[in-house]
Amino acid sequence: MESSNTEYLRGTLKTIVLGLLAEKERMYGYEITQAVKERTSGEIVLTFGSLYPLLYKLEQEGLVQNESEEVEGRLRKYYALTLIGRQTARQKLLDFTHFTQLMNRLMQLPLNLSTPPTPDSPAL
Amino acid sequence: MTPLTPQQTYCLRQHLRQVGTQELLIDELVDYLACQVEDSMRKGLSFEKALALIRMEATSLSVRHLQQTLVRQGALPQTGFWRHPARCTKRKKVAFGLIQPVHHALLIGAFLSVLLTGWLLASRGLAIPVGLVASLLCPLLILLSFQAFAVAISERICSAIRPFGPILLVDPPAEKEY
C-alpha cells in the first residue's frame, strides 16, 4: 500500500501543499509535514527531502513567498501564498476534486474484488 | 512544549555540518529538525534518543539528495567538483601536515635506503668505497630533505588561508520527486 501511496502522491504533492497553505496565512516546513501527518492519521508522512524541493520550486514559480523570523533562538522560514499562488491553489483544488470524482465513477470496485479470495474459490 | 537549549540546537547544527549541509540550507534544516526533536521530547523521549532518531533520518545521503535536487532546480548554487570531501581529503591532510606529500616520502626513503645499503656493504668489508659514496650522496640528500621540509612548512602556512568551503555534490542521480 505504501508504494501505491507514494505513486499517487507524486502527482498530488503540489496540490496538497498549496491546499494547506491556502487554509492558513503562513506555515513553516515542519508545520506542513505535521499537518499532512495528522490529517492522514500518519499514513502519509512527508520528509524534508520531499517537502523542501517543492517549496523552493513553488517559490521560484512565484506561487509562494517566504519570510524569516527568529523563533526560540532559531531562524524560522515561513511560507505564504502569493496572489497568483492563491488563484493557482484554488484552481488546483477544483481540478483535483473533479479528478477524484471522475476516478470514483471510473473505478467502481468489481464484485469479485470486493471480498478477499478464499481457498475454495475457483482460480482465474 | 519546552524549546531546545542553545547547546542542543548547536548539536543539531553540528550534525548537519558533519553530513555536509550547505550553509544556505542549514538554518532551515536546523529549525525543521529542532521542531522534530521537540516533538519527540514532548512524547517522552530524551534529547539523546531524539537526536539518535534525527541522525537516522538526516543522513549524509538524504541531505545530499536534497541538495542535489535543489541544485538541479537552481535554488542552491553549484560548487566545484574539487571541493568534494572525498576528493580533498588527501590534499587537506597534506596541507595541514598530517601526511607527507609523495615526493617527500620518496626522498626520505631514498636517504634511508642509501644508509642501509652502506651499512650492509660495510658489514661485508667494503667500507671504503661505500663510505666514499655515502659521503658524496648524504649531504646532497640532506640538502634535498631540508628543502622538502621547507616546502612542507610553507604549505602548512598557506593552508591556514586556503578556503575550504562548503561541501559539494555533483553528478546527481535520477530525479525522484517524492
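Residues numbered from 1 in each chain as written. Chains lettered and ligands numbered in written order. Predicted model: local features only at pLDDT ≥ 70, side-chain atom pairs only at ≥ 80, totals over all residues. Heavy atoms only, no water.

A. How the structure looks around the interface of chain B and chain A. Between chain B and chain A, the contact holds 29 residues from the first and 28 residues from the second. Between chain B and chain A, the buried area comes to about 2500 Å², and carbon and sulfur atoms account for 58% of it. Viewed at the interface, chain A and chain B are joined by 4 salt bridges. Residue D31 of chain B is joined to R76 of chain A by a salt bridge in which the shortest nitrogen-to-oxygen separation is 2.8 Å. The tally of links from chain B across to chain A stands at 9 residue pairs in polar contact (both at pLDDT 80 or more). If you list the elements that add at least two residues to the side of chain B that touches chain A, you get α2 (23–42) and α4 (60–73) of chain B. Per-element accounting of the side of chain B that touches chain A gives the leading share, 13 residues, to α2 of chain B. The class makeup of the residues in the side of chain B that touches chain A is 15 nonpolar, 6 polar and 8 charged. (Contact = heavy atoms within 4.5 Å. Buried area = accessible area lost by both parts, 1.4 Å probe. Salt bridge = Lys/Arg side-chain N within 4 Å of Asp/Glu carboxyl O. Polar contact = N/O pair within 3.5 Å; in protein donor to acceptor, adjacent residues only side chain to side chain. Helix = DSSP H or I, 4+ residues; strand = E, 2+ residues; numbered from the N terminus. Nonpolar A, V, L, I, M, F, W, Y, C, P; charged D, E, K, R; others polar.)

B. Quick look at the confidence of the model for chain A. Chain-level statistics for chain A give a pLDDT mean of 88 and a share of 85% at 70 or above. The lowest-confidence element of chain A is helix α5 (residues 111–114) of chain A, averaging 65 in pLDDT; the highest-confidence one is strand β1 (residues 27–28) of chain A, averaging 97. (pLDDT = per-residue confidence, 0-100.)

C. A look at the nonpolar core. In terms of nonpolar packing, the biggest core is built from 51 residues, with F48 and Y52 of chain A touching the most fellow members. No other element matches the 9 residues that α2 of chain B contributes to this core. Contacts of F48 of chain A, omitting those with residues within four sequence positions, involve P53 of chain A together with L29, Y32, L33, E57, A58, S62, V63 and L66 of chain B. (Core = buried A, V, L, I, M, F, W, Y, C linked by side-chain atoms within 4.5 Å. Buried < 20%, exposed > 50% of the residue type's maximum accessible area, 1.4 Å probe, protein only.)

D. Highlighting empty space enclosed by the protein. Evaluation of the coordinates by the stated rule reveals 1 cavity of 30 Å³ or more. Empty space within the largest cavity amounts to approximately 50 Å³. Lining the largest cavity are Y28, G29, Y30, Y52, L75, R76 and K77 of chain A together with E28, D31 and Y32 of chain B. (1 Å grid on protein atoms, 1.4 Å probe; cavity = no way out; pocket = protein on both sides within 12 Å on 5 of 7 lines; lining within 4 Å. Points joined across faces, edges and corners; volume = space filled by probe spheres on them.)

E. Structural context of helix α2 (residues 29–39) of chain A. All names here are of chain A. Among the 11 residues that make up α2, 8 are buried, leaving the element largely enclosed by the rest of the structure. Every buried residue belonging to α2 is among G29, Y30, E31, I32, T33, Q34, A35 and V36, and all of these are buried. A positive backbone phi angle near 50° is found at S41, which sits one or two residues after α2.

F. The sheet that holds strand β3 (residues 74–81) of chain A, seen in detail. All names here are of chain A. Strand order in the open sheet formed by 3 strands is β1-β3-β2, and the pairing between neighbours is antiparallel. Sheet topology places β1 and β2 (64–71) at the edges, where each strand pairs with a single neighbour. When β2 meets β3, the two strands line up antiparallel, connected through 8 bridges. Its bridge partner lying in β3, N66 is registered against Y79. (Pairing = 2+ DSSP bridges.)

G. Inspection of the side chain of R76 of chain A at higher detail. Mapped onto the secondary structure, R76 of chain A falls in strand β3. Among the residues examined, R76 of chain A registers a relative accessible area of 6% and is labelled buried. At 2.8 Å, the side chain of R76 of chain A and the side chain of D31 of chain B are in polar contact. In this view, R76 of chain A contacts Y28, E67, S68, E69 and V71 of chain A together with D31 and C35 of chain B; residues no more than four positions away in its chain are not counted.

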